[in-house]
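Residue-level structure breakdown
Here's the letter readout for the chains.
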Amino acid sequence: MVELGVELAGMHLANPLILASGVVGVSIWTLRRAVKGGAGAVTLKSIGPKPRAGHPNPTVLEWECGVINAVGLSNPGVEAGVKEVEEAVKSINAPVIASFFAEDAEGFGAVAERLALSKPAFLEANLSCPNVMREHGIPFAYEPESAAEAVRAIKRRVGSIPLIVKLSPNTHKLADVAKAVESAGANIINMGNTLGPGMVINLEARKPVLSNKTGGVSGPAIRPIAVRCVWDVYNAVKIPIIGTGGVSCGRDALEMIMAGATCVGIGSALREGGFNIFKKIASEMREWLDANNISSVKELVGVAHG
Amino acid sequence: MGKLKTMEATRVLDVVQENQRMKSIYLDSPISASPGQFVMVWIPGMDEKPFSLSYCDGSKIGITVAAVGPFSKRLHEVKAGEMLWIRGPFGNGFRLEGENIAVIGGGCGVAPLAFLAEELVKNGRKVFFINGAKTKDELLFVERVRKAGVEPIICTDDGSEGRKGFATDTFAELLAREKVDCAYTCGPEIMMKKVVDLCLQNKIGCQASLERFMKCGFGVCGQCAVDGLLVCKDGPVFPISKLSKLKEFGSVRRNACGAEERI
């Protein structure tokens, strides 16, 4: 029997497939359904210091080769968020990842401290949302020093829960950012957020379709870029990587792993595959591993670098 | 024609004032959809919202809108010849089930139900149509349902037309005197919850069309979740087997922040 189980910073996952943040993770019920559909771990939608309605619609759209979104970090705020995470941890039979954001480094520390009370398996610092630049400025994950500062602020307050740092493909300083968050104390890197920002214009309206005008691009179109980013981060750091971006089948997931990912984030693929997409990808992975006489997926992490 | 994944500019063919609060907007679109399915309607520079179809014949579609917020008020100003942008249709509509059908609509909820009644009649079903509204000036599609060959049972909360009282009371009386295999309902969630409860008591089928704040329309953002079900993709029409298990049906919805609110 082929083994898909992996260890991520000491935590066992039944398989490497993780529901990415912001995808159906608004309620405990949908997270539970993702686990039933085969997810090895699930991430809640990012929680911030205060309730936020996000951007007006249109916020999420399909285009020919994927999805573009500018939801704008809508969330019920950390007060309600703590309870959601607590309930999720209690009732979900898989590791729960609490994603969060803030406007400044100290804010990251403060939100992390609150969420830690709910004892999620992991905290995930979303340093890379590309859709709130008008309010929050350039994402932390674009610059090594600002990324490291946020990570230090979190680690000063929360030492015990492994910290995932979600980076952005949208920086030419990726390797330096990865090294900086590693030395600041990050335990895992999620590589990464959506690409861009991008824009879709409707000709007849003569206007961008998203109300935010620009949005993060995801889906199959960005996979080669996500794979290259995972490759670069693997070269730069020793900590494990969650490879996220455009994965929708077993071969895609194994490609991420060969580039250096220990786990694989799944997001936009739910639009075609629904909640059972995890089971489908896992069984395709097993088939390939089996056909190639590989007993554990762990053997493939980073092999493309060999 | 199949589904529009992204917005398509669509010309307004006609606007009809249905009652004091509601207008139907007919659009030049060849999409095909079944009653209960919805489209996302975009007004550039303003907003995008879901509307269930009140009409669809393969060459044009209709939505029926009450003027409540800024978006629907703007829709009420739209004139024939102008453009609206749509994507869809999304979700699952009503499925044919049983021979003797009760349709229970309240207020704007009647919008997809007249379209449904026409399909039911075409398919040879016996239809009872309970058409409820707060007051007579807010009754919708009374003539249209009549034209389809069904004499609607009208009820208003204030008794200004038809029976005085709630649609659910009229439905309970109907169940006591007629054989009904399945009820189809759309309207205020409290009303639909009551309809479902009556159907459970009477051990008959039921399908209800739910409404939640929506963003993507295709099952990725999770905003419209009711328990673990996504209204946009698993619904908006749900069968009684699902409805009877939903803890949030009739009690909880999520606002734009994703925070829970009591219904």
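**Examining the pattern of salt bridges**
Residue and element names in this part refer to chain B. By the definition in use, this model includes 32 salt bridges over all chains. In this structure, the salt-bridge partner of Arg-212 is Glu-189, at a minimum N-O distance of 2.7 Å. Remark: Glu-189 occurs in helix α5 (residues 189-201) and Arg-212 occurs in the loop between β12 (205-209) and β13 (225-226); sequence separation between them is 23 residues. With respect to burial, Arg-212 and Glu-189 carry one shared label: buried. A salt bridge links Asp-197 to Lys-193; the shortest N-O distance between them is 3.5 Å. Here Asp-197 pairs with Lys-193, and both are found in helix α5, just four residues apart, close to one helical turn.

**Let's talk about the sheet that holds strand β14 (residues 214-218) of chain A**
Residue and element names in this part refer to chain A. Read across the open sheet, the four strands follow the order β5-β6-β14-β11; overall the sheet is antiparallel. Across the chains shown, the open sheet's two edge strands, defined by having one partner strand only, are β5 (60-63) and β11 (195-199). Neighbour-to-neighbour, the strand axes of the sheet open up by a mean angle of 40°, direction not taken into account. By the bridge criterion, four bridges tie β5 to strand β6 (residues 66-69) in an arrangement that is antiparallel.

**Looking at helix α2 (residues 77-91) of chain A**
With 15 residues, α2(A) extends 21 Å between its outermost C-alpha atoms, agreeing within 8% with the 21 Å of an ideal straight helix rising 1.5 Å per residue. Turning to α2(A), its buried residues are Gly77(A), Val78(A), Gly81(A), Val82(A), Glu84(A), Val85(A) and Ala88(A). Looking at the buried side of α2(A), the elements it contacts are α1 (28-36), β7 (96-100) and α3 (105-116) of chain A together with β16 (252-254) of chain B.

**Section: the environment of Asp176(A)**
Residue placement: Asp176(A) occurs in helix α6 (residues 174-183). A sequence separation of 43 residues divides Asp176(A) from Met133(A), and the C-alpha atoms of the two residues are 22 Å apart.

**Focus on the sheet that holds strand β10 (residues 188-191) of chain A**
Residues and elements named next belong to chain A. Around the barrel, eight strands lie side by side as β3-β4-β7-β8-β9-β10-β15-β16; this closed barrel has parallel pairing. The sheet shows a mean angle of 25° between the axes of neighbouring strands, direction not considered. Taken together, the two bridges between strand β3 (residues 17-19) and strand β4 (residues 41-43) define a ladder with parallel strand orientation. Bridge assignment links Ile-18 to a residue of β4, and that residue is Ala-41. The strands that α1 touches are β3 and β4; relative to β4, the one it contacts most, it runs at about 150°.

**Brief notes about the domain arrangement of chain B**
Residues and elements named next belong to chain B. Under the domain assignment, chain B is made up of domain 1 (8-90) and domain 2 (100-262). One C-alpha centre belongs to domain 1, the other to domain 2; they are set 20 Å apart. Taken residue by residue, the interface counts 23 residues in domain 1 and 21 residues in domain 2. Buried surface at the junction of domain 1 and domain 2, both sides included, amounts to about 1800 Å², of which 64% is carbon and sulfur. Inspection of the region where domain 1 meets domain 2 yields one salt bridge. With a shortest N-O distance of 3.5 Å, Glu-138 and Arg-21 are connected by a salt bridge. Scanning the region where domain 1 abuts domain 2 turns up seven residue pairs in polar contact (both at pLDDT 80 or more).

**Overview of unusual backbone geometry**
Residue and element names in this part refer to chain A. Between Asn-57 and the following residue, Pro-58, the backbone shows a cis peptide bond with an omega angle of -5°. In this fold, Pro-58 is placed in the loop between β4 and β5. For the bond running from Met-191 to Gly-192, omega is 0°, close enough to zero to count as cis. For Gly-192, the position within the fold is in the loop between β10 and β11. The phi dihedral of Val-24 falls on the positive side, at around 45°, and the residue is not glycine. In this fold, Val-24 is placed in the loop between β3 and α1. When its relative accessible area of 0% is taken as the criterion, Val-24 is described as buried. Within the chain, Leu-73 stands out as a residue other than glycine whose phi angle is a positive 55°. Structurally, Leu-73 is set in the loop between β6 and α2. Assessed through its relative accessible area of 6%, Leu-73 is described here as buried.

The rules behind each value
- Throughout this description, residue numbers start from 1 for each chain and increase along the sequence as written.
- As a convention, the first chain written is A and the first ligand written is 1, with the rest following in written order.
- This being a predicted model, a pLDDT of at least 70 is required before a residue's local features are given, and a value of 80 or more before pairs of side-chain atoms are given or counted; all residues contribute to the totals for chains, interfaces and linings.
- Water and hydrogen atoms were dropped before computing side-chain values, which therefore reflect all heavy atoms in the structure.
- When a carboxyl oxygen of Asp or Glu is within 4 Å of a side-chain nitrogen of Lys or Arg, the pair counts as a salt bridge.
- Runs of E in the DSSP output that reach at least two residues are strands. Runs of H or I that reach at least four are helices, and both are numbered from the N terminus.
- The cut-offs for exposure are 20% and 50% of the maximum accessible area for each residue type, with area from a 1.4 Å probe on protein chains only; residues under the lower value are buried, those over the upper are exposed, and the others partly exposed.
- Two strands make a pair as long as DSSP finds a minimum of two bridges between them.
- Each axis is a line fitted through C-alpha atoms, and for a helix only the stretch in contact is used; angles between axes span 0 to 180 degrees, taken between their N-to-C directions.
- Helix span, as expected, comes to 1.5 Å for every residue beyond the first.
- Any two residues whose heavy atoms approach within 4.5 Å are treated as being in contact.
- For every domain, the bounds stem from an assignment made automatically or drawn from a database.
- Summed over both partners, the accessible surface that disappears when two parts come together, traced with a 1.4 Å probe, is what is meant by buried area.
- Polar contacts here mean pairs of N or O atoms no more than 3.5 Å apart (in protein, one a potential hydrogen donor and the other a potential acceptor; neighbouring residues in sequence count only if both atoms are side-chain atoms).

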